[in-house]
Amino acid sequence: HVLQANLLGQLARIAYWRRNMEEAERYIREALEIARSAKDKPTLIFILRQYGNLVYRSDSETAKKFLGESIQLAREIGDRRNEATGLNSLGNTFGFLDDNQRAIENYEQARTIFRELGDRNSECMVLGNLSFLHTDEGDFEAAEREAKTALAIIREIGGLQLRAGAEASLAN
């Protein structure tokens, strides 16, 4: 059941990238049903987050509900990485809705957890999200601070792909 749910989730992702939202939602709903019936929390966390990420632009209330549920389940089983990943996704949803304060709150929580886990790449991803959000708000000082912090981390850890993205972000 778990593998079936994951494969349906992958098919949903493929349909999404092909811009076939109806098919993507059909696959992800089936994956969610299977994941719930299997009572496998890690799989359910993944499918809930994936569902939220698929629909946050078309159905933000469903996205917030499923992302929130994925975060809660991750907390229940002590899965800090999935908690942080869900918080980052929820930050994206709030950012899309122009609820920047709630987006920042979720991003900051995700960043703290990634830092505690020693996941510097994911911390940089969140810093990039914060920088983009601050740029959209017109808070260029905060945007620059976040981008420079991410760039310093990337240079420290030697992430060449991430460094190019951070340098491009600073140029914009």
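Relevant structure appears above.
I will try to describe carefully the structure that is included in this document. (Residues numbered from 1 in each chain as written. Predicted model: local features only at pLDDT ≥ 70, side-chain atom pairs only at ≥ 80, totals over all residues. Heavy atoms only, no water.)

## Let's talk about the pattern of salt bridges
Point 1. All told, the structure shown has 15 salt bridges when counted by the stated rule.
Point 2. The closest approach of N and O atoms between lysine 64 and glutamate 61, which form a salt bridge, is 3.0 Å. Linking lysine 64 with glutamate 61, this pair stays in helix 4 (residues 60-76), spanning 3 residues, or about one helical turn.
Point 3. The exposed category is assigned to glutamate 61, whose relative accessible area is 51%.
Point 4. A salt bridge links arginine 120 to glutamate 156, with the nearest nitrogen and oxygen atoms 3.3 Å apart. You can see arginine 120 sitting in helix 7 (residues 120-137) and its partner glutamate 156 sitting in helix 8 (residues 140-157), a full 36 residues away along the chain.
Point 5. One salt-bridge network, held together by shared partners, links Arg111, Arg115, Arg120, Glu123, Glu146 and Glu156. (Salt bridge = Lys/Arg side-chain N within 4 Å of Asp/Glu carboxyl O. Helix = DSSP H or I, 4+ residues; strand = E, 2+ residues; numbered from the N terminus. Buried < 20%, exposed > 50% of the residue type's maximum accessible area, 1.4 Å probe, protein only.)

## A word on the packing of aromatic side chains
Point 1. In the structure shown here, the tally under the stated rule is 3 aromatic pairs.
Point 2. Between tyrosine 16 and tryptophan 17 the ring centres are 5.5 Å apart and the planes differ by 85°, which places this aromatic pair in the edge-to-face class.
Point 3. Seen in terms of ring centroids, tyrosine 51 and phenylalanine 66 are 4.7 Å apart; in terms of plane orientation they differ by 55°. Their pairing is tilted. Pair noted here: tyrosine 51 is in helix 3 (residues 41-55) and phenylalanine 66 is in helix 4, with a separation of 15 residues, a long-range link. Judged on exposure class, the residue tyrosine 51 and its partner phenylalanine 66 are both buried.
Point 4. Over the face of the ring belonging to tyrosine 27 we find arginine 26, whose NZ or CZ atom lies 6.0 Å from the ring centre. (Phe/Tyr/Trp six-rings, centres within 6.5 Å; stacked < 30°, edge-to-face > 60°. Lys NZ or Arg CZ within 6 Å of the ring centre and 35° of its normal.)

## Examining unusual backbone geometry
Point 1. The phi torsion at arginine 19 lies on the positive side, around 70°, for a residue other than glycine.
Point 2. Here arginine 19 is to be found in the loop between helix 1 (2-17) and helix 2 (21-38).
Point 3. The phi angle at lysine 39 is positive, at roughly 55°, despite the residue not being glycine.
Point 4. Locating lysine 39 in the fold gives a position in the loop between helix 2 and helix 3.
Point 5. Taking relative accessible area as the criterion, lysine 39 reaches 72% and is therefore assigned exposed.

## Quick word on a negative patch on the surface
Point 1. Together, Asp98, Asp136, Glu137, Asp139 and Glu141 line one region of the surface with negative charge.
Point 2. Tracing the sequence through the fold places aspartate 98 in the loop between helix 5 (80-96) and helix 6 (100-117). (Patch = residues over 30% accessible without salt bridge, like charges linked within 9 Å, V, L, I, M, F, W, Y side chains within 5 Å. Areas by Shrake-Rupley, 256 points an atom, 1.4 Å probe, with all protein chains shown as cover. Lys, Arg positive; Asp, Glu negative; His and termini not counted. Charge placed at Lys NZ, Arg CZ, Asp CG, Glu CD.)

## Let's talk about the environment of leucine 87
Point 1. By secondary structure assignment, the location of leucine 87 is in helix 5.
Point 2. Each C-alpha atom of the pair leucine 87 and serine 37 lies 25 Å from the other, and the pair is 50 residues apart in sequence.
Point 3. Every residue in contact with leucine 87, bar those within four places of it in the chain, is listed here: Ile71, Arg75, Asn106, Gln109, Ala110 and Ile113. (Contact = heavy atoms within 4.5 Å.)

## Description of helix 7
Point 1. The end-to-end C-alpha distance of helix 7, which contains 18 residues, comes to 25 Å, matching closely the 26 Å that a straight helix rising 1.5 Å per residue would cover.
Point 2. Of the positions making up helix 7, those classed as buried are Ser122, Glu123, Cys124, Val126, Leu127, Asn129, Leu130, Ser131, Leu133 and His134.
Point 3. Phi turns positive, to about 85°, at glycine 138, one or two residues after helix 7. (Expected span 1.5 Å × (residues − 1).)

## Focus: helix 1
Point 1. Counted at 1.5 Å a residue, the expected span for helix 1 with its 16 residues is 22 Å, and the 23 Å between its end C-alpha atoms agrees.
Point 2. Here helix 1 has its buried residues at Ala5, Leu8, Gly9, Ala12, Ala15 and Tyr16. Projected down its long axis, helix 1 carries its buried residues within an arc of 120°, all on one side. What points out from helix 1, more than 90 degrees from its buried face, is the exposed set Leu3 and Trp17.
Point 3. Buried residues in helix 1 make contact with helix 2 and helix 3. (Arc of directions from axis to C-beta.)

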